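Residue-level listing of the chains:
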Amino acid sequence: MLKVGLTGGIGSGKTTVSRLFEEAGAGIIDTDLISHQLSQSLEIVQAIATTLGEQAINPDSSLNRAAIAEIIFDDNAKKQQLEAILHPKIRQQVELQLQQLHENPYVIIVVPLLLETDFHTLVDRVLVVDVPVDTQKQRVIQRDDRSEQQVQQIIDQQCDRDIRLQKADDVIDNSVDLTQLQQQVTQLHQKYLHKQT
Ligand code: ATP
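Residues numbered from 1 in each chain as written. Predicted model: local features only at pLDDT ≥ 70, side-chain atom pairs only at ≥ 80, totals over all residues. Heavy atoms only, no water.

## Brief notes about the site of the ligand
No. 1: The ligand sits among 13 residues. The nearest are Lys14, Thr15, Thr16, Arg143 and Asn174.
No. 2: For the ligand, whose accessible area on its own is 640 Å², the fraction buried by protein is 73%.
No. 3: Elements represented by at least two residues in the shell around the ligand include exactly α1 (14-24) and α6 (133-143).
No. 4: When residues in the shell around the ligand are grouped by element, the largest group, three residues, is from α1. (Near = heavy atom within 4 Å. Areas by Shrake-Rupley, 256 points an atom, 1.4 Å probe, with all protein chains shown as cover. Helix = DSSP H or I, 4+ residues; strand = E, 2+ residues; numbered from the N terminus.)

## Points about the sheet that holds strand β3 (residues 106-110)
No. 1: A sheet is described by the order of its strands in space; here five strands give the open sequence β2-β3-β1-β4-β5, paired in parallel fashion. Every other strand in the sheet has two partners, leaving β2 (27-30) and β5 (170-173) as the edge strands with one partner each. Between one strand and the next, the sheet's axes are offset by a mean angle of 25°, whatever the strand orientation.
No. 2: Note: strand β4 (residues 125-130) against β5, four bridges, orientation parallel. (Pairing = 2+ DSSP bridges. Axes fitted to C-alpha atoms, helices over the stretch in contact; angles between N-to-C directions.)

## Side note on the pairing of strand β1 (residues 2-7)
For a regular strand, side-chain orientation follows a simple rule: the groups alternate between the two sheet faces.
No. 1: Within β1, five of the six residues are buried, leaving the element largely enclosed by the surrounding structure.
No. 2: With five bridges joining them, β1 and β3 adopt parallel strand pairing. Residue pairing for β3: valine 4 is matched across the bridge by isoleucine 108.
No. 3: Sheet topology places β1 next to β4; four bridges connect them, and they run parallel. What sits directly across from leucine 6, in β4, is leucine 127. (Buried < 20%, exposed > 50% of the residue type's maximum accessible area, 1.4 Å probe, protein only.)

## A few points about the packing of α1 against helix α9 (residues 178-193)
No. 1: Direction vectors running N to C along α1 and α9 enclose 55°, while the axes themselves pass 10 Å from each other. Put simply, α1 runs oblique to α9. Considering the relative orientation of α1 and α9, their crossing is right-handed. On the side of α1, the interface is formed by Thr16, Val17, Leu20, Phe21 and Ala24, while α9 contributes Leu178, Leu181, Gln182, Val185, Leu188, His189 and Tyr192.
No. 2: Classifying every residue of the contact of α1 with α9 by side-chain character gives nine nonpolar, three polar and no charged. (Parallel < 35°, antiparallel > 145°, perpendicular 65-115°, else oblique. Left-handed = near helix turned anticlockwise from the far one by under 90°. Contact = heavy atoms within 4.5 Å. Nonpolar A, V, L, I, M, F, W, Y, C, P; charged D, E, K, R; others polar.)

## Some details on the packing of aromatic side chains
No. 1: Enumeration over the complete set of coordinates arrives at three aromatic pairs.
No. 2: The ring of phenylalanine 119 carries arginine 91 above its face, with NZ or CZ at 5.8 Å from the centroid. (Phe/Tyr/Trp six-rings, centres within 6.5 Å; stacked < 30°, edge-to-face > 60°. Lys NZ or Arg CZ within 6 Å of the ring centre and 35° of its normal.)

## Brief notes about the pattern of salt bridges
No. 1: A full pass over the atoms with the stated rule returns eight salt bridges.
No. 2: When the shortest N-O distance is used, the salt bridge between arginine 91 and aspartate 118 registers 3.4 Å. Of this pair, arginine 91 sits in helix α5 (residues 76-100) while aspartate 118 is found in the loop between β3 and β4, placing the two residues 27 residues apart along the sequence.
No. 3: Of the residues examined, arginine 91 reaches a relative accessible area of 23% and is grouped as partly exposed. (Salt bridge = Lys/Arg side-chain N within 4 Å of Asp/Glu carboxyl O.)

That is the geometry; function is a separate question.
See the structure below:
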């Protein structure tokens, strides 16, 4: 079964594109969703509290995502410790879901940080959703309650657009409208249906 890693910068359109692939009939594994589900496990919450401190946890025992983002923003060691807790568990879940989806001709695995982490070793191909940085910022600001400066900081921490494009096997140009986006997904769906690993 062909495993396609779908990635792209913040707000590039990964979720939008993965929904279109899902409608086309592809199997989808969403590592963001897995990460959210894992972060509800008490074992994970406790491990994160031990590593990052109690301020990473809300009074109701849920993770304080804003605090975590702040803690790891300029502390690379803490960021790596957090990843060491989460990434092996996410990988396990991905492997499990791959087994469950084994009858699909191909699977799209959505990994925002596919090229910044070793998650790319899980996939056969890299599909990048690409937009110009200005469009990326505009769409995130419109969608979320974030300032341009905050969005720029996140973009600066992610893989550079040119490097991401160099590492891509396939690219979806999402500077277009939804009809043209759909057309690109349909073309890639056909390609992946007929492609071996
Ligand atoms: P994140 O990295 O934050 O998880 P993402 O890569 O999953 O984001 P989306 O949430 O799919 O990105 O898209 C970001 C925003 O841009 C959303 O509000 C979405 O509706 C909008 N959007 C996506 N594609 C297009 C498009 N082609 N035209 C207009 N708006 C779009």
